[in-house]
Amino acid sequence: MPRKRPGRVRTKNTNRRAPLLLSAMAPEDFNVRPGEAKSIACPDCRTWRRIMGDKVLKIREHCISDKVAEGKKHVTCPGSDQLVVIDIDVQRWQARQNRLLRDAMPQENRRAAQQFYKPLPAPAAPVARIKAEVTLETARQSYLAHRRGCTRCVGGQHCTDGGVLARRYVLAFNQEPSRREARAEQDRQARRTERKQSAPAVRKAQWARHGGKAVEAANNRCAQRVPGTVSEFRGPQLPLAPQDVAAHDRRQAELGKQYAARKAATTAA
């Protein structure tokens with residue numbers, strides 16, 4: 001990789017003007033970022049030019065016309081070889097420029113100055129520390145799964161989690177007879193309760209509570225109604241005749257024709 005030649009001033013001439021102070025210029029008219037080529041907007045022609053030199057800084061010699069290659073006359077800008085003095089705090093200027101660039105950036109492209117990262121989720125708790133309902137089968141399966149995947153549980157030796165799972169399995173094995181007895185007693189109580197609820201005396205009491213002579217009499221009553229009267233199960237606001245009698249008759253006639261055609265098709269089939 002070729003070595004980059006540092007820029008240097010090839011002449012000691014100046015334009016005999018007072019040195020240009022960066023503190024007297026607008027912050028956006030020059031660039032003195034560390035690691036980048038220093039440049040400035042020439043005060044005379046308002047074009048961006050390089051600042052040459054390491055100790056003595058000057059604006060590089062340049063011409064006013066940008067069409068010299070097309071045959072225009074080469075006219076040197078009065079701002080060539082202008083001395084430049086950096087009398088500002090570069091870090092403060094850079095922070096201000098970054099803030100201006102961030103404010104000028106569209107809102108959807110902005111990024112916060114301080115990045116916030118989501119915390120990593122906590123690792124899952126080992127099986128030995130999970131508190132859940134322990135049965136003989138679940139304790140056995142957890143212990144065997146740990147033994148298959150653990151390299152420190154060899155023979156009668158156990159690691160910390162393996163010892164916890166082993167003790168849990170032994171405890172569940174010792175408690176299994178009492179659990180079976182408790183489940184059997186619970187099943188007996190359930191069957192006893194079911195027999196009590198289905199006993200003839202209980203069913204008779206239920207029929208007595210939801211039945212009786214009054215209900216039976218109401219069910220067996222068959223009274224003849226007078227035509228034109230309203231049933232007690234309907235309100236007087238219900239109409240007794242259709243609002244449009246002609247439309248009702250036409251609809252009944254259409255339904256009669258459809259029923260006759262359907263019955264004829266069924267008979268022919």
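Please refer to the structure placed before this passage.
Read on for a plain summary of the structure. (Residues numbered from 1 in each chain as written. Predicted model: local features only at pLDDT ≥ 70, side-chain atom pairs only at ≥ 80, totals over all residues. Heavy atoms only, no water.)

1. Some remarks on the overall build of the chain
Rules: Numbering of helices and strands starts at the N terminus; helices are DSSP runs of H or I of at least 4 residues and strands are runs of E of at least 2. For every residue, the accessible area obtained with a 1.4 Å probe (protein chains only) is divided by the maximum for its type, and the residue is called buried under 20%, exposed over 50%, and partly exposed between those limits. Contact criterion: two residues are considered in contact whenever any of their non-hydrogen atoms come within 4.5 Å of each other.
A count of helical and extended segments in the chain gives 6 helices and 6 strands. Listed N to C, the secondary structure of the chain is β-β-β-β-β-β-α-α-α-α-α-α in terms of helices and strands. Looking at the chain as a whole, 17% of its 269 residues are labelled buried. Sequence-distant contacts, at least 24 apart, represent 47% of the contacts inside the chain between residues at least 6 apart.

2. Quick look at the nonpolar core
For clarity, the threshold we go by: We define the nonpolar core as a collection of buried residues of types Ala, Val, Leu, Ile, Met, Phe, Trp, Tyr and Cys that are connected through side-chain atoms lying within 4.5 Å of one another.
Core analysis: the largest hydrophobic core is formed by 11 residues, namely Leu20, Leu22, Met25, Phe30, Val32, Ile40, Ile51, Leu57, Ile59, Val84 and Trp93. Setting aside chain neighbours within four positions, we find Val84 in contact with Leu20, Leu22, Ile51, Leu57 and Ile59.

3. A few points about helix 1 (residues 90-104)
Short version of the rule: Given the number of residues in a helix, its expected span is that number minus one, multiplied by 1.5 Å. We call two N or O atoms a polar contact when they sit within 3.5 Å, provided that within protein one can donate a hydrogen and the other can accept it, with sequence-adjacent residues counted only if both atoms are side-chain atoms.
With 15 residues, helix 1 extends 21 Å between its outermost C-alpha atoms, agreeing within 8% with the 21 Å of an ideal straight helix rising 1.5 Å per residue. Looking at where helix 1 begins, the residue whose side-chain oxygen comes 3.3 Å from the main-chain nitrogen of Gln91 is Asp89.

4. Remarks on helix 2 (residues 136-149)
What counts here: It is the directions from the helix axis to the C-beta atoms whose arc is reported.
For helix 2, built from 14 residues, the straight-helix expectation of 20 Å at 1.5 Å per residue is met to within 8% by its first-to-last C-alpha distance of 20 Å. Within the sequence span of helix 2, burial applies to Ala139, Tyr143 and His146. Angularly, the buried residues of helix 2 cover 65° about the axis, an arc narrow enough to put them on a single face. Across helix 2 from its buried face, at more than 90 degrees, point the exposed residues Arg148 and Gly149. Against the buried residues of helix 2 lie helix 3 (160-197).

5. Some remarks on the environment of Ser80
Mapped onto the elements, Ser80 comes out in the loop between strand 5 (57-59) and strand 6 (83-85). With relative accessibility at 5%, the residue Ser80 sits in the buried group. Spatially, the C-alpha atoms of Ser80 and Arg60 are 5.9 Å apart, while their sequence positions differ by 20 residues. Discounting residues that sit within four places of it in the chain, Ser80 has contacts with Asn15, Ile59, Arg60, Glu61 and His62.

6. Section: the pattern of salt bridges
Any two side chains of opposite charge can pair, given that their charged atoms come close. Keep this limit in mind: Salt bridges are counted wherever a side-chain nitrogen of Lys or Arg sits within 4 Å of a carboxyl oxygen of Asp or Glu.
Within this structure, the stated rule accounts for 8 salt bridges. Glu185 serves as the salt-bridge partner of Arg188, at 2.3 Å between the closest nitrogen and oxygen. One end of the pair is Arg188 and the other is Glu185, both in helix 3 and 3 residues apart, which spans about a single turn.

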